[in-house]
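# Topology and contacts: notes
Residues per chain, in single letters:
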Amino acid sequence: FAAAAVFPDKEKDEALNDRFDFIIKCIFNKDFVPYHYATRIQNTACTVGMFVDRFQAFSRLKDLEDASKMADWLISFSQAEDGAYMNHGVKYTSVIYVAKSILELSLAEREYGLENNDRKWLENADRHYHSAKRAIDQLVSADGDFETEGEMTFEDGMISCSALQIAMLALTLPEESPQRAVLTKE
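Residues numbered from 1 in each chain as written. Predicted model: local features only at pLDDT ≥ 70, side-chain atom pairs only at ≥ 80, totals over all residues. Heavy atoms only, no water.

### Let's talk about the side chain of Thr 44
With respect to the helices, strands and loops of the structure, Thr 44 is situated in helix α3 (residues 41–58). Those residues in contact with Thr 44, other than ones at most four positions away along the chain, are Phe 28, Pro 34, Met 70, Trp 73 and Leu 74. (Helix = DSSP H or I, 4+ residues; strand = E, 2+ residues; numbered from the N terminus. Contact = heavy atoms within 4.5 Å.)

Right under this line is the structure:
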């Protein structure tokens, strides 16, 4: 979808959209709850990101609506009191980029809400941003003691996924924010 936004090709875009719609119907029910392996929240989070990419490529509001519904389910299903996204009692925010996908959605919702003076989308953006920020704040507070889906050992994926999400949050904060200064210090 990211390529389709830059290099539109009617025939390829149709095939891409048809295949994506087919796969979504095989994996998620009408409420965007996965038929199987719902605890693999990274799959749902990545799908949120794909819906956002498709919205940005083709400007179909339904894609943003579907991403928003899917993110709401993901948050209600997996977000713990401390902000972390969970899978079977394990903090899963550092697996793949769960919070990053929710942040991407929030940014797209905010842009759409501002462009269209639409309070509903601004509220959605705030709700999703707050969720992602809570999860990333929990990563920061873990001070490198991240959990992951594999063995509880120090592994590169959980470090790179956590670092990217922390950096992405930092870039969404105002320049003068003390938290941005802390998150972006060398």
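Having seen the model, we can carry on.
### A closer look at the packing of aromatic side chains
Applying the stated rule across the entire model yields seven aromatic pairs. Both rings, one in Phe 20 and one in Phe 51, keep their centres 5.1 Å apart while their planes meet at 75 degrees; by these two values the pair is edge-to-face. Of this pair, Phe 20 sits in helix α2 (residues 10–27) while Phe 51 sits in helix α3, and the two are 31 residues apart along the sequence. For the pair Phe 20 and Phe 51, a shared accessibility class is recorded, and that class is buried. Every member of this aromatic cluster is reached through a ring pair, and the members are Phe 1, Phe 20, Phe 32, Phe 51 and Phe 58. (Phe/Tyr/Trp six-rings, centres within 6.5 Å; stacked < 30°, edge-to-face > 60°. Buried < 20%, exposed > 50% of the residue type's maximum accessible area, 1.4 Å probe, protein only.)

### Examining helix α6 (residues 119–141)
Helix length check: α6 (23 residues) gives 32 Å between terminal C-alpha atoms against 33 Å at 1.5 Å per residue, within 8%. For α6, the full list of buried residues reads Trp 121, Asn 124, Ala 125, His 128, Tyr 129, Ser 131, Ala 132, Ala 135, Ile 136, Gln 138 and Leu 139. Put simply, Asp 118 is the residue that caps the front of α6, since its side-chain oxygen is 3.0 Å from the backbone nitrogen of Lys 120. Looking one or two places after α6, you find Asp 143, whose phi comes out positive at around 50 degrees. (Expected span 1.5 Å × (residues − 1). Polar contact = N/O pair within 3.5 Å; in protein donor to acceptor, adjacent residues only side chain to side chain.)

### Things to note about the nonpolar core
The biggest cluster of nonpolar side chains holds 42 residues, and the ones touching the most others in it are Phe 51, Leu 64, Leu 74, Tyr 85, Ile 102, Leu 103 and Leu 105. Listed by contribution, the elements that provide at least two residues to this core are α2, α3, α4 (61–78), α5 (98–115), α6 and α7 (156–172). (Core = buried A, V, L, I, M, F, W, Y, C linked by side-chain atoms within 4.5 Å.)

### Looking at the pattern of salt bridges
Inspection of the entire model under this criterion finds 12 salt bridges. A salt bridge links Arg 54 to Asp 21; the shortest N-O distance between them is 2.8 Å. Linking Arg 54 in helix α3 with Asp 21 in helix α2, this pair joins segments that are 33 residues apart in sequence. According to the relative accessible area criterion, Asp 21 is partly exposed, its value standing at 29%. Note that Lys 91 is salt-bridged to Asp 82, the shortest N-O span being 2.5 Å. By relative accessible area, which is 24% here, Lys 91 ends up partly exposed. (Salt bridge = Lys/Arg side-chain N within 4 Å of Asp/Glu carboxyl O.)

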